[in-house]
Every structure is written in structure tokens, then in C-alpha cells.
Amino acid sequence: MWEKRMEWPLNLAALLFLAAYAWPILDPTLSATARLWLEIVTWGSWTLFAFDYVVRLYLADDKRAFLKSHILDLLIIVLPLIRQLRLLRLVAVLNILNRSAALSLRGRVVVYTVGSTAMIVFCAALAVLEAERAAESPTIKDFPDAVWWAITTVTTVGYGDRYPVTHSGRIIAVGLMMAGIALLGVVTATLASWLIRRVAEAEETAQAVTREHLDELGRQIAELREIIEHGRGQELLGNGEGVHEPPGVRAEFRA
């Protein structure tokens, strides 16, 4: 109930967080005041993420089991508090959007996969641009370069014309490569599931038609049997068979 109630507030907070994170990266000329307000927005959204986690932990019947099954949620909330790991804040945003999509887009795997891919590419492009912008002789210098790198990486093409040179950028690249492999597996599994379902539906339709034909044939056989038995009964009556006179009447006739 809590997760359903918090779906839209967390979605809004995630989008605000993403916008506040992306704006300074896309526009390095922002004033200090604007950067301060954007930082307030990011921390406000982050506080809502942490509050949601604490409430879900409080409402859980088995808190120990909740902690064990939501270790990743805890890590992506706590670790980005360390300045060197602040890029993991984007993972929290993706986790919130992923949880919301699972609630509202269940059964629409293709739409969800496309949306997730676009979000991962966008976030990876922002993260690698932030990491590479201050490097010496970077190959990723602006956002279009970052998007091109993210697309070629997530699709496992990897032309090599754009690549990260910093440690943070390479860590982001590893995560994006793993995400690309996972998304490829999801697409393949979705296609296979669709084909299996279509084959199963075709078989069920054929079996239903066969059962209907068999039922109709059974009904026709029963009707023919009834007609034959009725005709045989009429024939026996016409030949005098099956007509039984009372014993007294037969004796009187003989006398």
C-alpha cells in the first residue's frame, strides 16, 4: 500500500533529481546561485528516497528479511554520501523508476525495456561527461560525444573513437557494458517468450477445434443410434413381435 501511494511522489522526485543533476553538466556556465538551488533539489530528492526506504523497513513484517533482500537499495542510498561515489546517485534514480515501472507497466515488457534503455543511455552519458570533462586530452568533450559513446557501448558495438580515460569514466563504462548485455538478454527472452506464447495459443486453438469436432461427431452418432433403435422398435411392432397377450385371453381363444 505504501509503495503504491509513493509511486508518483518518488517518480516526480526522481525526475527532479535527474534534471537538477543534468543541468550543471549540460550548462557549465551556470551561476553559483543556480548551482546552489539545484544542489538543494538533489538533496531534497535524496532525502525523500531515504525516507521511503526507512518507512518500508518500518512497515516490513520481517525486518531482517527486508534488509537482506534490499541490500542494494541500502547501498545506493548510503554509498553516494561519500563524495568519491556520488555518481551512484544515478543508480538510485534508476532504481526508483524501475520499481515504479514494475508496478504500473506490468506485462508491457517492450515499452519498459525501451524506456529503461533510453534512461540508462542518458544517465551514463551525463555521468561519463562529468567524469571526463576535467581530464587531460579527453576523447569525450561534450554531451553529443557522450551520447554517441553511451549508445555504441550499450549496444556492445564499441567503435573506439570515443572512450573514457579517467578511472571514474572506466567504471561507468563497465557498468554500461553489463547493462547492455542484460538488456540484450531481456530483449531475446521477451522475443522467445512471445514466440512460445503464440505457438501455445495456436495449439490450444487447434485442440479446441478438434474437441468441438469430436463433440459434434459424438452428438451425431448418438442421434443416429436413437433413430436406428426407434426404427427397429417400429419394425418389431409391425411383425407382431413383442406383442404379449394375457394368459387368460390366449387360453380362451384356444378353447
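Right, let's get into helix α8 (residues 143–154). Compared with the 16 Å implied by 1.5 Å per residue over 12 residues, the 16 Å span of α8 between its first and last C-alpha is a close match. Among the residues of α8, D145, A146, W149, A150, T152, T153 and V154 are the ones counted as buried. The N-capping residue of α8, defined by a side-chain oxygen 3.0 Å from the backbone nitrogen of D145, is D142. Positive phi appears at T156, one or two residues downstream of α8, with a value of about 60 degrees.

On to the pattern of salt bridges, then. The tally for this structure, following the rule as stated, stands at two salt bridges. The partner of D52 in a salt bridge is R56, and the shortest N-O contact between them spans 3.2 Å. Placement of both D52 and R56 in helix α3 (residues 32–59) is noted, with a separation of four residues, approximately one turn of the helix. The class of R56 is buried, set by a relative accessible area of 8%. Residues D145 and R162 are paired through a salt bridge, measuring 3.3 Å at the closest nitrogen-oxygen approach. On the criterion of sequence distance, the pair formed by D145 in helix α8 and R162 in the loop between α8 and α9 (167–238) is long-range, its members being 17 residues apart. Given a relative accessible area of 28%, R162 falls into the partly exposed group.

So, on to the nonpolar core. Counting residues in each nonpolar core, the largest one holds 24 residues, and the members touching the most others are L126, V128, A146, W149, A150, I172 and L176. Listed by contribution, the elements that provide at least two residues to this core are α2 (7–26), α7 (109–132), α8 and α9. The element best represented in this core is α7, accounting for 10 residues. Contact partners of V128, with chain neighbours within four places excluded, come to I140, A146, W149, P164, G169 and I172.

A few words now on a nonpolar patch on the surface. Among the surface-exposed residues, L12, L16 and V41 lie close enough to one another that they form a single nonpolar patch of about 240 Å² accessible area. With respect to the secondary-structure elements, V41 resides in helix α3. You can call V41 partly exposed: its relative accessible area is 30%.

Applying the stated criterion to the full structure yields six aromatic pairs. Ring plane angle 50 degrees and centroid distance 6.0 Å describe the contact between F17 and F49, whose orientation is recorded as tilted. Residue F17 is found in helix α2, and its partner F49 is found in helix α3; the two are separated by 32 residues along the sequence. An identical accessibility class is assigned to F17 and F49; each is buried. Here the aromatic rings of W148 and Y159 are separated by 5.7 Å at their centres, their planes lie at 5 degrees, and the arrangement is stacked. Placement of the pair is W148 in helix α8 and Y159 in the loop between α8 and α9, with a sequence separation of 11 residues.

Cut-offs and rules
Residues numbered from 1 in each chain as written. Predicted model: local features only at pLDDT ≥ 70, side-chain atom pairs only at ≥ 80, totals over all residues. Heavy atoms only, no water. Helix = DSSP H or I, 4+ residues; strand = E, 2+ residues; numbered from the N terminus. Expected span 1.5 Å × (residues − 1). Buried < 20%, exposed > 50% of the residue type's maximum accessible area, 1.4 Å probe, protein only. Polar contact = N/O pair within 3.5 Å; in protein donor to acceptor, adjacent residues only side chain to side chain. Salt bridge = Lys/Arg side-chain N within 4 Å of Asp/Glu carboxyl O. Core = buried A, V, L, I, M, F, W, Y, C linked by side-chain atoms within 4.5 Å. Contact = heavy atoms within 4.5 Å. Patch = residues over 30% accessible without salt bridge, like charges linked within 9 Å, V, L, I, M, F, W, Y side chains within 5 Å. Areas by Shrake-Rupley, 256 points an atom, 1.4 Å probe, with all protein chains shown as cover. Phe/Tyr/Trp six-rings, centres within 6.5 Å; stacked < 30°, edge-to-face > 60°.

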